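# A structural walkthrough
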Amino acid sequence: VNTRKHPLEIPPPSEKDWQKEDEEDFFLLDPDRKRDVLPQPFRMINKLVMQVFESAMEIIERREMLREAQKLKVQPKKCFPTAEFQVTERANCLAVSGKYIFVGLSMGLSAFNTCDFKDVCAWDAAKTEICAIHASDLGSECHVLLAVDEMGLAWLFCFHRESFLLIKTLNEVVDISQRSTCVEVVLSQGGDYAGILLQGNTKAWLEIYQLPKDSWLTEMEKITEAAEAAEAAEELACGDRRSSCSSEVGTFLLQELPVSAVQADVELDPPVLLLTVRPPKPITGTSFKGPLDALKEVDDGSMLGLGYNHLIKDSQWELQEAIFRSAYQEYLEAEGVIKEEIPRYASFHFLLPSRILVGPEMEVQPDIPVGIGVHWDGNHNFCLYLLNRPPKEKADSDLKPDVVWPCAAPIACSAVSSCSRYLALAGEDATITIWDKHLGYPLSVTAILEERFIRSIHFL
């Protein structure tokens, strides 16, 4: 039997049994502070590892966001070549018209059929290198080609029945010292007009030609009828001569003779020179004695001009120039003085009918150009010219534009939409203006980043 020797008593409190503060408030402590009690260098190593881990997580999250944003974008379709064709020489340029691909080579031209990608015809009569080529479908399996060679000559061809017909060399002259170099060619859609930009020793100009495609198509139909008649006659002769092998050889030799002979005798009508557009001359002092003389030179007050009919005298011009130079002398010395020169390069576009170019009484076709838009390098004005000029104006005279659209800065480049309604002008101040050509007012003006120069612009 166990008996208690001492009475039951509550033991006195002692400090051993007291709860410590860190044990009472353990749920309020930051778990990261536990690492602070680690000795060095473990705390430094731990801190570096955590920084690396956090940086890696930020990079991962950023890449995930970019990947998700990329998925939301429209992915471009990847196109792979389905066929290829071999050329015998170096290819410099190409153009597509109808079912044919025309390639400019280091020695002449070649035409390939897109159905079987075989070489159907070649031209190397001039033994010259073709550097640029443009083509347009005239219909009835007839195509017009405008090519530029290494010497700057513009060659006009007609392609029919898988053969090239040389129509004319547009800038060929007898005296080689008077030869001008072609630096740009443009064919209108449908092959109604052609334009070439020519440069001489000290000047440049733009020539616009009307192509007589109706007469060409008529001649091509005659060639086709003659060739078909010749083939029918040869087939009949071939049926009568099948008795001997020698007769068959003679027949096959005769089969290609009439077609080539007929094409060799064809002379197509040359193109007609419509316009000769020259660059604007620098504005100088007036020669008018009074305002009445200047008003007599203005044909119509409903449009802006090029600024030649002004009343500023040479003395006033020189005084303004002196004031400008004295005010900005340090800037002119730093950048150098640029002397105003006549421009030698231009960009031009064929324009379809619109309210700006067509009057209420003019009868036009919607798919045939009625004018051209031209701007010269370093010039503020976009000039529009009608193709159907009055008969009193000569092609060699200095033409006045029918419409002038001035811009705040010199025009660097331009583009016309496929429907020919919208015109984009990019200035040297890195601004792009979209014009509605039918109505004649700007739709939008967009400024690009500073110190950027726009070299080309296109509609998609």
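This structure is a prediction, so every number in the text was calculated from the model and none was measured. (Residues numbered from 1 in each chain as written. Predicted model: local features only at pLDDT ≥ 70, side-chain atom pairs only at ≥ 80, totals over all residues. Heavy atoms only, no water.)

In this section: the pattern of salt bridges. Under the counting rule described, the total for this entry stands at 6 salt bridges. Between lysine 127 and aspartate 124 there is a salt bridge, and its shortest N-O distance comes to 3.8 Å. As a salt-bridge pair, aspartate 436 and arginine 421 come within 3.0 Å of each other at their nearest N and O atoms. Of this pair, aspartate 436 sits in strand β19 (residues 431-436) while arginine 421 sits in the loop between β17 (411-416) and β18 (422-427); the two residues are 15 residues apart in sequence, bridging distant segments of the chain. (Salt bridge = Lys/Arg side-chain N within 4 Å of Asp/Glu carboxyl O. Helix = DSSP H or I, 4+ residues; strand = E, 2+ residues; numbered from the N terminus.)

What links the strands of a sheet is backbone hydrogen bonding, and the strands pair in either a parallel or an antiparallel sense. The strand order β13-β14-β15-β16 describes an open sheet built from 4 strands, whose pairing is antiparallel. Among the strands making up the open sheet, the edge pair consists of β13 (346-351) and β16 (403-406). Shown here is a sheet whose adjacent strand axes are inclined to one another by a mean of 20°, direction ignored. As judged from the 4 bridges shared by strand β14 (residues 371-376) and strand β15 (residues 381-386), these two strands associate in the antiparallel manner. (Pairing = 2+ DSSP bridges. Axes fitted to C-alpha atoms, helices over the stretch in contact; angles between N-to-C directions.)

A cluster of nonpolar side chains, namely Met50, Phe53, Met57 and Ile60, defines an oily patch on the protein surface of about 360 Å² accessible area. In this structure, phenylalanine 53 sits in helix α2 (residues 42-72). (Patch = residues over 30% accessible without salt bridge, like charges linked within 9 Å, V, L, I, M, F, W, Y side chains within 5 Å. Areas by Shrake-Rupley, 256 points an atom, 1.4 Å probe, with all protein chains shown as cover.)

Per-residue confidence for the protein gives a mean pLDDT of 80; residues scoring 70 or more make up 77%. Across residues 245-262, where pLDDT falls below 50, the model places 17 contacts with residues more than four positions away in sequence or in other chains. (pLDDT = per-residue confidence, 0-100. Contact = heavy atoms within 4.5 Å.)

Before going further, it helps to spend a moment on the nonpolar core. By size, the foremost hydrophobic cluster in this structure holds 26 residues, and its most contacted members are Leu146, Leu156, Ile196, Trp216 and Leu268. Those elements giving two or more residues to this core turn out to be β6 (142-149), β7 (154-160), β8 (164-169), β9 (181-187), β10 (193-199), β11 (204-210) and α3 (213-240). One finds Ala204, Phe350, Val374 and Tyr385 within the second-largest nonpolar core, a separate group that totals 18 residues. (Core = buried A, V, L, I, M, F, W, Y, C linked by side-chain atoms within 4.5 Å. Buried < 20%, exposed > 50% of the residue type's maximum accessible area, 1.4 Å probe, protein only.)

Moving on, we come to the pairing of β14. Among the 6 residues of β14, 6 are classified as buried, and the element is accordingly described as predominantly covered. Of the two faces of β14, the one lined by Gly371, Gly373 and His375 and the one lined by Ile372, Val374 and Trp376 are each fully buried. Of the strand pairs in this sheet, β13 and β14 are connected by 6 bridges, and their pairing is antiparallel. Paired with histidine 349 across the strands is glycine 373, a residue of β14. Joining the antiparallel neighbours β14 and β15 is a turn of 4 residues, in which glycine 378 adopts a positive phi near 75°.

The next thing to look at is the side chain of threonine 224. Summarising the element assignment, threonine 224 is placed in helix α3. Residue threonine 224 is classed as buried on the basis of its relative accessible area of 19%. At 3.1 Å, the side chain of threonine 224 and the side chain of histidine 160 are in polar contact. Those residues in contact with threonine 224, other than ones at most four positions away along the chain, are His160 and Arg161. (Polar contact = N/O pair within 3.5 Å; in protein donor to acceptor, adjacent residues only side chain to side chain.)

Moving on: the packing of aromatic side chains. Using the criterion set out here, one finds 12 aromatic pairs in the structure. Summarising the aromatic geometry, the rings of phenylalanine 102 and phenylalanine 164 are spaced 6.1 Å apart at their centres and angled 65° between planes, so their arrangement reads as edge-to-face. With phenylalanine 102 in strand β2 (residues 100-105) and phenylalanine 164 in strand β8, this residue pair connects regions lying 62 residues apart in the sequence. Judged on exposure class, the residue phenylalanine 102 and its partner phenylalanine 164 are both buried. Note on tyrosine 193 and phenylalanine 350: the rings are 6.2 Å apart at their centroids and 20° apart in plane angle, and the pair reads as stacked. Taken together, the residues tyrosine 193 in strand β10 and phenylalanine 350 in strand β13 connect sequence positions 157 residues apart. Assessed through its relative accessible area of 5%, tyrosine 193 is described here as buried. Among the aromatic side chains, those forming a connected cluster through ring pairs are Tyr100, Phe102, Trp123, Trp155, Phe157, Phe159 and Phe164. Sitting over the ring of tryptophan 205, lysine 203 keeps its end group 5.8 Å from the ring centre. (Phe/Tyr/Trp six-rings, centres within 6.5 Å; stacked < 30°, edge-to-face > 60°. Lys NZ or Arg CZ within 6 Å of the ring centre and 35° of its normal.)

What the 4 strands build is an open sheet, ordered β9-β10-β11-β12; its pairing is antiparallel. Where the open sheet ends on each side, the last strands, each with one partner, are β9 and β12 (272-277). Strand-to-strand, the axes of this sheet are offset by a mean angle of 20°, without reference to chain direction. The sheet contact formed by β11 and β12 spans 5 bridges and is antiparallel.

This part takes up the pairing of β19. When you tally the buried positions in β19, you get 6 out of 6 residues, the bulk of the element. Alternating positions in β19 separate into two faces, Thr431, Thr433 and Trp435 on one and Ile432, Ile434 and Asp436 on the other, with burial throughout. When β18 meets β19, the two strands line up antiparallel, connected through 5 bridges. Paired with tyrosine 422 across the strands is aspartate 436, a residue of β19. Counting the residues between successive antiparallel strands, the hairpin from β18 to β19 contains 3 residues, one of them, alanine 430, with a positive phi of roughly 65°. Taken together, the 6 bridges between β19 and strand β20 (residues 441-447) define a ladder with antiparallel strand orientation.

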